[in-house]
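What the coordinates show
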Amino acid sequence: MSCHPAFRMEPFLDYLTFERGLSARTLEAYQSDLGKLLRFLEDRKVADPEDITTRDLREFIFHLKGRKLAPATIRRSISSVKGYFSFLLEEGVLEQDPSEGLEAPRVGRKLPDVLGVDEVARILEAPDPDHPMYWRDRSILETLYATGMRVSEMVDLKLTELDLEEGICTVFGKGSKERIFPLGGPAQQALERYLRQLRPRLDRGKGRGAVFLNQRGEPLSRVAIWNLVRKNAERGGIIQDVSPHTFRHSFATHLLEGGADLAAVQELLGHADISTTQIYT
């Protein structure tokens, strides 16, 4: 699917792959749905996301109905379109969401993949203690599980946002909303070891204040964290696909199973609407 860079389709697909952890089949569905939309917009001489209107999108839906597509296929297309514009909004490409007026798809939401507590423990123990990057990898896994933060938030996490004496970290998530996480003992201890023993050796002036660095001393990418999680899930003997988002789902589910208040979990996850959090119940 080729399109003008202004539509940011490649970064969107990267987001779906590395942050949402979606399967190849689901990615193909997104590409198919958005490919139809971009061809429709091209015919209407719309060359920039900022020029797309709600009317354009409604006429696109009528266009799909006119092709006699199955209702389930049209609902999926609406869902793909809404997900795409939500991404553009978060990235600051758009200030208003033209898909907001579209009728939401009337389909049940898929329950998220969740790991058992014992499975999480196996992944946390999976990094090789003799590997030079052990404390970095261990602290990444522990922090993902301790906070439920998004992988994009972990990539952007700065040294100034960690307070290990108090055992907390501050994250600026979607819409620049500030959230404060308690780290918990294991994550706090792993971070202390990483920051004391390893990170000073990695940082060669290219770290830009990021907490997690690669072996070249640069901030870790989403892809690197995604690969790290997948590798250690395999080492831990986990059969299902595991992504950083799986840790987020597991964090929320285990908190609620432990008796946490739904509103508190909503705040930790940074969900604007509590109905999004309720899927974990």
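Just above sits the structure.
Attention here is on the structure that accompanies the text. Just so we're clear, the structure is a prediction, and the values are computed from it rather than from any experiment. (Residues numbered from 1 in each chain as written. Predicted model: local features only at pLDDT ≥ 70, side-chain atom pairs only at ≥ 80, totals over all residues. Heavy atoms only, no water.)

**A closer look at the overall build of the chain**
Scanning the chain for helices and strands turns up 12 helices and three strands. Scored against the burial criterion, the 281 residues of the chain give a buried share of 46%. Counting contacts in the chain only where the partners sit at least 6 residues apart, residues at least 24 apart contribute 59% of the total. With an accessible surface of roughly 14,900 Å², the chain has 48% of that area assigned to carbon and sulfur atoms. (Helix = DSSP H or I, 4+ residues; strand = E, 2+ residues; numbered from the N terminus. Buried < 20%, exposed > 50% of the residue type's maximum accessible area, 1.4 Å probe, protein only. Contact = heavy atoms within 4.5 Å. Areas by Shrake-Rupley, 256 points an atom, 1.4 Å probe, with all protein chains shown as cover.)

**Some words on the packing of aromatic side chains**
Per the stated rule, a full pass over the model turns up 10 aromatic pairs. On the numbers, 5.5 Å between centres and 70° between planes, the contact of Phe12 with Tyr84 is edge-to-face. Highlighted residues: Phe12 in helix α1 (residues 9–19) and Tyr84 in helix α4 (residues 71–90), separated in sequence by 72 residues. As far as burial versus exposure is concerned, Phe12 and Tyr84 are alike and both buried. (Phe/Tyr/Trp six-rings, centres within 6.5 Å; stacked < 30°, edge-to-face > 60°.)

**Description of the sheet that holds strand β3 (residues 178–182)**
In a beta sheet, neighbouring strands pair by backbone hydrogen bonds and run either parallel or antiparallel. Taken in spatial order, the three strands line up as β1-β2-β3 in an open sheet, and their pairing is antiparallel. Each edge of the open sheet is held by one strand with a lone partner, namely β1 (162–163) and β3. Judged from the two bridges that link them, β1 and strand β2 (residues 168–172) form a sheet pairing that is antiparallel. Directly across from Asp163, in β2, lies its bridge partner Ile168. (Pairing = 2+ DSSP bridges.)

**Digging into helix α9 (residues 222–235)**
Across its 14 residues, α9 extends 20 Å between first and last C-alpha, which sits within 8% of the 20 Å expected from 1.5 Å per residue. Those residues of α9 that fall on the buried side of the exposure criterion are Ile225, Trp226, Leu228, Val229, Asn232 and Ala233. Buried residues along α9 cover an arc of 160° about the axis, so they all sit on one side. Away from its buried face, by an angle of more than 90 degrees, α9 presents the exposed residues Glu234 and Arg235. Tucked into the core, α9 has its buried residues touching α1, α5 (117–124), α6 (134–147), α7 (151–156) and α10 (244–257). With its phi angle positive at about 80°, Gly237 sits one or two positions after the end of α9. (Expected span 1.5 Å × (residues − 1). Arc of directions from axis to C-beta.)

**Points about the pattern of salt bridges**
A complete count under the given rule lists 14 salt bridges for this structure. A salt bridge links Arg8 to Glu91; its shortest N-O distance comes to 3.1 Å. Of this pair, Arg8 sits in the segment before α1 while Glu91 sits in the loop between α4 and α5, placing them 83 residues apart in sequence. A salt bridge links Arg136 to Asp137; its shortest N-O distance comes to 2.8 Å. What emerges from the salt-bridge pattern is a single network uniting Arg44, Arg55, Asp56 and Glu59. (Salt bridge = Lys/Arg side-chain N within 4 Å of Asp/Glu carboxyl O.)

**Section: the packing of α1 against α4**
A pair of packed helices is characterised by two quantities: the angle between their axes and the separation of those axes. For the pair α1 and α4, the least separation of the axes is 11 Å and the interaxial angle reads 105°. As judged from the angle between their axes, α1 and α4 are roughly perpendicular. Each of Met9, Pro11, Phe12 and Tyr15 in α1 lies in contact with α4, whose residues at this interface are Gly83, Tyr84 and Phe87. Looking at the contact of α1 with α4 residue by residue, the classes come out as six nonpolar, one polar and no charged. (Axes fitted to C-alpha atoms, helices over the stretch in contact; angles between N-to-C directions. Parallel < 35°, antiparallel > 145°, perpendicular 65-115°, else oblique. Nonpolar A, V, L, I, M, F, W, Y, C, P; charged D, E, K, R; others polar.)

**Points about the nonpolar core**
Ranked by internal contacts, the top residues of the largest apolar core, which has 40 residues, are Ile123, Ile140, Phe212, Ile225, Val242 and Phe247. Those elements giving two or more residues to this core turn out to be α5, α6, α7, β2, α8 (185–202), α9, α10 and α11 (262–269). For this core, the element with the most residues is α8, which contributes five residues. When neighbours within four sequence positions are excluded, Val242 is seen to be in contact with Leu115, Ile123, Val229, Arg230, Ala233 and Phe247. Membership of the second largest hydrophobic core comes to 28 residues, among which are Phe12, Leu27, Leu41 and Leu102. (Core = buried A, V, L, I, M, F, W, Y, C linked by side-chain atoms within 4.5 Å.)

**A short note on the pairing of β3**
Burial of β3 is one-sided: the residues Arg179 and Phe181 facing one way are buried, the residues Glu178, Ile180 and Pro182 facing the other way are not. Relative to β3, β2 runs antiparallel, the two being bridged by five bridges. Paired with Thr170 across the strands is Ile180, a residue of β3.

**Re unusual backbone geometry**
For Lys45, which is not glycine, the phi dihedral falls at a positive 65°. Mapping Lys45 onto the fold places it in the loop between α2 (24–43) and α3 (54–66). Relative accessible area serves as the criterion here: at 73%, Lys45 is assigned to the exposed category. Phi angles above zero are rare outside glycine, and Arg208 is one such case at about 50°. Structurally, the position occupied by Arg208 is in the loop between α8 and α9. Judged by relative accessible area, Arg208 falls into the exposed class, the value being 67%.

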